[in-house]
Number of protein chains: 2
Amino acid sequence: MNFLGKNHIGYQISAFGDRIFFGIDPRNNQPFETPFRQASPEEVDEALAKSQEAFEAYRLISVEKRVQFLKAISEKLKANKELLIQWFCAESGLPRDRAETEYARSCFQFEFYAKAVETGYALEIKIDEADPERKPAPKPSLTKINIPVGPVVVFGASNFPFAYSTLGGDVASALAAGCSVIVKAHAMHPHTSSISAHFILETAKEHDMPDGILCHLLAEDFTVGQKLVQDPRVKAVGFTGSIGGGMALQRLIDERKEPISLYAEMGSSNPVAVTKSALDKRAAEIARQLAASVLLNAGQFCTSPGLLFIEEGANLNFFKQELINAFSGSELQCMLHPGISKRYFERVKEHAALVTVLYEGKHEGNFIQPTLAETTAEHFMKHPQIQEEIFGSYLTIVKCSDEVELRMCMQLLQGQLTNSLYAETDEEINRFLPVLTAKSGRIIFNGVPTGVEVSFAQQHGGPFPSSLNSYFTSVGWDAIKRFQRPVTFQNFPENFISKKVEFNGNTHFLHFLNGKYE
Amino acid sequence: MNFLGKNHIGYQISAFGDRIFFGIDPRNNQPFETPFRQASPEEVDEALAKSQEAFEAYRLISVEKRVQFLKAISEKLKANKELLIQWFCAESGLPRDRAETEYARSCFQFEFYAKAVETGYALEIKIDEADPERKPAPKPSLTKINIPVGPVVVFGASNFPFAYSTLGGDVASALAAGCSVIVKAHAMHPHTSSISAHFILETAKEHDMPDGILCHLLAEDFTVGQKLVQDPRVKAVGFTGSIGGGMALQRLIDERKEPISLYAEMGSSNPVAVTKSALDKRAAEIARQLAASVLLNAGQFCTSPGLLFIEEGANLNFFKQELINAFSGSELQCMLHPGISKRYFERVKEHAALVTVLYEGKHEGNFIQPTLAETTAEHFMKHPQIQEEIFGSYLTIVKCSDEVELRMCMQLLQGQLTNSLYAETDEEINRFLPVLTAKSGRIIFNGVPTGVEVSFAQQHGGPFPSSLNSYFTSVGWDAIKRFQRPVTFQNFPENFISKKVEFNGNTHFLHFLNGKYE
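All values reported here derive from a predicted model rather than from experimental measurement. (Residues numbered from 1 in each chain as written. Chains lettered and ligands numbered in written order. Predicted model: local features only at pLDDT ≥ 70, side-chain atom pairs only at ≥ 80, totals over all residues. Heavy atoms only, no water.)

Looking at the overall build of chain A
- Secondary structure summary: chain A contains 14 helices and 26 strands in total.
- In terms of C-alpha radius of gyration, chain A reaches 24 Å, essentially the compact-globule figure of 24 Å for 518 residues.
- In terms of its C-alpha atoms, chain A occupies a principal-axis envelope of roughly 70 × 70 × 40 Å.
- In chain A, the share of contacts with a sequence separation of at least 24, taken over all contacts with a separation of at least 6, comes to 75%.
- When the accessible surface of chain A is totalled, it reaches about 17,900 Å², and 53% of it is carbon and sulfur.
- For chain A, the separation between the mean place of its 51 positive charges and that of its 61 negative charges on side chains is 3 Å. (Helix = DSSP H or I, 4+ residues; strand = E, 2+ residues; numbered from the N terminus. Rg over C-alpha atoms; globule rule 2.2 N^0.38 Å. Contact = heavy atoms within 4.5 Å. Areas by Shrake-Rupley, 256 points an atom, 1.4 Å probe, with all protein chains shown as cover. Lys, Arg positive; Asp, Glu negative; His and termini not counted. Charge placed at Lys NZ, Arg CZ, Asp CG, Glu CD.)

See the structure below:
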């Protein structure tokens, strides 16, 4: 692994920068031995030039070859599981079963997006037939198709070393769209990320893909990311992280001459609402589901539930005790990085001034247990900042005297990735739907927000500040659309439209253009 | 018409501002008699509050009622043709036949977008069936549907008093999406715009639509628009106008806490490329088509052709003479406004320093003839600012020694709404496609860019600076998507998905939710 510690500028390994950093094992805060060399400004520039050149070549390669390439990445990953899993666990402190799940998801995603292209779904071809006889003027034929936007920059995420990083949905969907990609690796898992890049590039070489279709740059500070997003060659950016990080990127992008889209998936508290009727009937079941969701991997998910709006009822004390039992009986879990646990403890402290702590989670080093807090609806309405995300396991109960008060609290919510509703009747659902739809991108009925299904109809992106652009999703087939734009061909000869493919009852066109597009 | 000169704040007529302005007849530069009163900051605020309230009510009204309302607007306009046409011509200086065409388009658009909703197309419903048996975890059901984003601000455009103003595609598609709309009327046609608003509001009343579903604000300066786009209640903005105007709006939006999408369709020179083979075979025909396109309504279209890249050939002198004959033999045409003709003459003067004028169009007051200029490819490559749009009839020929040089010139183009290619063979098309697709949103084969078909597969929006967001279109069914965002419902009971409707082989769902959504 002679590439470890170095940047991938297309097929070239490069390490000329002055700045060095190390991966850290969060279980003991010890650095790993290989020094990683941050990309120098010259290396960033080379990557940009190569990415631009590769894009020009890649967009002319046939859709079939693109599909084969994506599927082959998935195969390559499957053949190299152990190395990837091992570094994933070592750098993230996450347990093996989580590594396995996320690894399987990453393998699947490349196939999943390949299929979106193969079936014609991603091309979204729309056709208006000509009508030469129309009066007063003939109607021209129009054929609309999605084409790739250009080189894309993807920022690796701290909390998903596979599925939102170099092997993640942003990279897979951008490559599926026909774009070249520059990954800014997350400094918290440089080994995992570099090894990931190596396997994609090895597959690219085997499939004769243009040099520069993927670049992988190492960076510990903000300078590399800044240079990337402000470069005119870059046409879209994918980011998963904090609101602060996303907004800082947006301000850098605002300074560009040409505006481009930043697809930032940022923070969310994923409120869960429980009606009195649901609490009356299912207190133990809901407590069990919710506790498991809060506990999952120390709550380090964008969809981890942080807020619980609940109507007071006979079962409330029992319900709270069930949560306390689950939290206090749980094993301490390692957070991703000393920087992340530090921030968690800061937020917990800030938050304590606003709420009543019912159970204070134990902690040791970077290992934590969830904390359970509560407040009243009245207090919440006076201090709506209580809703702000705490990244890591932490649940705040907002006790509401009735359903009306509960919905009034929810009206004060900022935009969220998800909302959940535990309820019993259609009438309850109907009363909640207006506020639920207004505040989030995904609404879960009688279920918890964790576990984002990678599926056709998924929406992972909600109103600001949970996302910067709620029109788009970072999960599901529609994620590809972030990296495409439509072009309409007017009055083109029939033979430029060839080879049809069926999708879901509609006729799509796999090979749109002959010649260069095959 | 007691509303003339006043703002429409929903169903309320209001005129408390201090600032007054007048419509102008561009044919003689004389003001019309009615004073128009710019909306005061308090009136803007009232409009925003009403628009927000109306949105909350409108989004819960059934899709069927929405469709009926949109169709009824179209009927209302048809019943009031003469008054609208008369003011259109008086305020724009455009001829009656153009007024009739644009009027017909506006009537059509409300029906057209109604149909996009009625068929289920606009809702874009996507469904993943549940799989309770899946291991290790059951798969939940997911149903994705587009919902309206919130109150929308639309800026009327100077050059389309109907079809891109109060009766335009932005208003029609936003209402179709389920959004309330605040129109900032263009000060160049306040009568036309106010009468338009009156007819929409009269229809809204007849259909019991919520008060505030449309607000219509008068303004001569930038303060009203600024207050509107910076208000947190506004969730999207539609604009058609200059690059300067669009970018100024974007900078105001960049200052918001919550970023929102500005759909700005800005400038474009709509380059036309003619290969030697096409010039050899069809010089007279191409010259005739191109001249007619340049001449259309004094070239005051976003798709008016301003640049012609042509390979030198035996027919070039004949071709140029044909254009000169067409231009010099044409009647002088009135520009929309003294402000617009002033800017035109300034741009013509600036441009003259960069090119050789072959025919200088005659002019008198606001009336103009097109000017024909030429330059060489070499000179163009040194001075790519030659490509910058001149709003109004003006054509610059860029003479290229061969096809390679022609494509090199095109590589220097900024983003365009359209590109046209006159060519003879498939091989020629294939060689041009990479540059054509990279530079524009619509590509016309053997045809001119004017005449934007309002049709399913249309794309009216291209790379920056022709549009701010090339993912979207302001014409065609997809225009509705600018004012919607998707929400996924996970694990919802079956009876929340009712009443199916067929579209294009796919099953869509007209009434998604029962209860409040009916």
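This is not the end of the story, as more comes after the structure.
Comments concerning the environment of F309 of chain B
- Assignment of secondary structure puts F309 of chain B in strand β15 (residues 307–311).
- In contact with F309 of chain B, not counting residues within four places along its chain, are P271, V272, A273, V274, F380, V398, L406, C409, M410 and L413 of chain B.

Looking at the confidence of the model for chain A
Residues and elements named next belong to chain A.
- Of the residues in chain A, 95% have a pLDDT of 70 or more, and the chain-wide mean is 94.
- Confidence over residues 498–518 falls short of pLDDT 50; this stretch has 68 contacts with residues more than four positions distant or in other chains.
- For this predicted complex, the interface confidence comes out at an ipTM of 0.95, alongside a pTM of 0.96. (pLDDT = per-residue confidence, 0-100.)

Some points on the relation of the copies chain A and chain B
- If you rotate chain A by 180° and push it 0.0 Å along the axis, it lands on chain B with an RMSD of 0.0 Å. Expressed as an axis order, the relation between the two copies is that of a two-fold axis.
- A share of 100% of the interface residues of chain A reappears at the interface of chain B, consistent with the copies meeting face to face through the same patch. (Least-squares fit on C-alpha atoms with pLDDT ≥ 70 in both.)

Some thoughts on the pairing of strand β23 (residues 440–445) of chain B
- Of all six residues in β23 of chain B, six are buried, a share of seventy percent or more.
- Each parallel crossover has a hand, and the one from strand β22 (residues 416–422) of chain B via helix α14 (residues 426–439) of chain B to β23 of chain B is right-handed. (Buried < 20%, exposed > 50% of the residue type's maximum accessible area, 1.4 Å probe, protein only. Right-handed = clockwise from strand over helix to strand, strands pointing away.)

What to know about the sheet that holds strand β16 (residues 333–334) of chain A
Residues and elements named next belong to chain A.
- With antiparallel pairing, the three strands of this open sheet are ordered in space as β16-β19-β18. Since the sheet does not close on itself, it has two edges, and those belong to β16 and β18 (363–364), each with one partner.
- Pairing of β18 with strand β19 (residues 367–368) involves two bridges; the strand directions are antiparallel. Counterpart to E364 in the pairing with β19 is F367. (Pairing = 2+ DSSP bridges.)

A short note on the pattern of salt bridges
- In total, this model carries 72 salt bridges over all chains according to the counting rule given.
- With a closest N to O distance of 3.1 Å, D25 of chain A and R27 of chain A form a salt bridge.
- The exposure class assigned to D25 of chain A is buried, which follows from its relative accessible area of 10%.
- Since its relative accessible area comes to 42%, R27 of chain A is described here as partly exposed.
- In this structure, a network of salt bridges that share partners links the residues E124, K126, K144, D478 and K481 of chain A together with E124, K126, K144, D478 and K481 of chain B. (Salt bridge = Lys/Arg side-chain N within 4 Å of Asp/Glu carboxyl O.)

Points about the sheet that holds strand β21 (residues 394–400) of chain B
- If you trace the 10 strands from one edge of the open sheet to the other, you get β7(A)-β8(A)-β24(A)-β23(B)-β22(B)-β14(B)-β15(B)-β21(B)-β20(B)-β17(B), paired in mixed fashion. Because the sheet does not close on itself, it has two edges, and the strands there are β7 (126–128) of chain A together with β17 (356–359) of chain B. On average, each strand axis in the sheet is inclined to that of its neighbour by 25°, with strand direction left out of account.
- Sheet topology note: the strand β14 (residues 272–274) of chain B/β15 of chain B ladder contains three bridges and is parallel. Across the sheet, the residue bridging to V272 of chain B is L308 of chain B, located in β15 of chain B.
- Sitting on the sheet, helix α13 (residues 403–411) of chain B touches β14, β15, β21 and β22 of chain B, and the angle it makes with β15 of chain B is about 160°. (Axes fitted to C-alpha atoms, helices over the stretch in contact; angles between N-to-C directions.)

Here we look at the nonpolar core
- L175 of chain A together with L175 of chain B are the most contacted members of the largest nonpolar core, which has 233 residues in total.
- Excluding anything up to four places from it in sequence, L175 of chain B contacts Y58, R66, F69, L70, I73, F110, V181 and I213 of chain B. (Core = buried A, V, L, I, M, F, W, Y, C linked by side-chain atoms within 4.5 Å.)

With respect to the interface of chain A and chain B
- Contact with chain A, which involves 76 residues of that partner, is made by 76 residues of chain B.
- For the pair chain A and chain B, the summed buried area comes to about 6,200 Å², and 52% of that belongs to carbon and sulfur atoms.
- Ionic pairing is found between D478 of chain B and K126 of chain A, a salt bridge with its closest N-O pair at 2.8 Å.
- Elements that contribute at least two residues to the side of chain A that touches chain B include exactly β7, β8 (142–148), α8 (243–254), β13 (261–265), α14 (426–439), β23 (440–445) and β24 (484–490) of chain A. (Buried area = accessible area lost by both parts, 1.4 Å probe.)

Concerning the pairing of β15 of chain B
Residues and elements named next belong to chain B.
- Within β15, five of the five residues are buried, which leaves the element mostly enclosed by the surrounding structure.
- Burial along β15 is two-sided: L307, F309 and E311 and L308 and I310, pointing in opposite directions, are all buried.
- As a crossover connection, the stretch from β14 through helix α9 (residues 276–295) into β15 is right-handed.
- For β15 and β21, the ladder comprises five bridges, and the chain directions are parallel. Residue pairing across strands places I310 opposite K399, the latter belonging to β21.

Looking at the environment of C409 of chain B
All names here are of chain B.
- Along the polypeptide, C409 turns up in helix α13.
- Judged by relative accessible area, which is 0%, C409 ranks as buried.
- In this structure, the C-alpha to C-alpha distance between C409 and F380, residues 29 residues apart in sequence, is 7.2 Å.
- Sequence-distant contacts of C409, that is, excluding residues within four places in its chain, are made with F309, A377, F380, M381, V398 and C400.

A closer look at helix α8 (residues 243–254) of chain B
Residues and elements named next belong to chain B.
- Over its 12 residues, α8 extends 16 Å from the first C-alpha to the last, a length consistent with the 16 Å expected when each residue adds 1.5 Å.
- Those residues of α8 lying buried are G246, M247, L249, Q250, L252 and I253.
- For α8, the elements touching its buried residues are β9 (152–155), α7 (223–230), β12 (236–240) and β13 (261–265). (Expected span 1.5 Å × (residues − 1).)

A closer look at the state of the cysteines
- A complete count under the given rule lists zero disulfides over all chains for this structure.
- Left unpaired, C409 of chain A is separated from the closest cysteine sulfur, that of C400 of chain A, by 4.2 Å. (Disulfide = S-S within 2.5 Å.)

A closer look at the packing of helix α3 (residues 81–92) of chain A against helix α6 (residues 190–206) of chain A
Residues and elements named next belong to chain A.
- Two elements in contact, α3 and α6, have axes whose closest approach is 8 Å; the angle formed by their N-to-C orientations is 155°. Between α3 and α6, the angle is such that the two are roughly antiparallel. The interaxial crossing formed by α3 with α6 has left-handed handedness. Within the contact between the two elements, α3 uses L83, L84, W87, F88 and E91 and α6 uses P190, H191, T192, I195, S196 and F199.
- For the contact of α3 with α6, the class distribution of residues is seven nonpolar, three polar and one charged. (Parallel < 35°, antiparallel > 145°, perpendicular 65-115°, else oblique. Left-handed = near helix turned anticlockwise from the far one by under 90°. Nonpolar A, V, L, I, M, F, W, Y, C, P; charged D, E, K, R; others polar.)

Details of unusual backbone geometry
- Residue P136 of chain A follows K135 of chain A across a cis peptide bond; omega there is 0°.
- One can find P136 of chain A in the loop between β7 and β8.
- Non-glycine residue N297 of chain B carries a positive phi angle of around 45°.
- Mapped onto the fold, N297 of chain B is located in the loop between α9 and β15.

A few points about helix α11 (residues 338–352) of chain B
Residues and elements named next belong to chain B.
- Across its 15 residues, α11 extends 21 Å between first and last C-alpha, which sits within 8% of the 21 Å expected from 1.5 Å per residue.
- Taken together, the buried positions of α11 are I340, S341, Y344, R347, V348 and H351. Mapping the buried residues of α11 onto a view down its axis gives an arc of 120°, with all of them on the same face. Exposed residues on α11 whose side chains face more than 90 degrees from its buried face are K342 and K349.
- Contacts from the buried residues of α11 go to β19 (367–368), β20 (371–376) and β21. (Arc of directions from axis to C-beta.)

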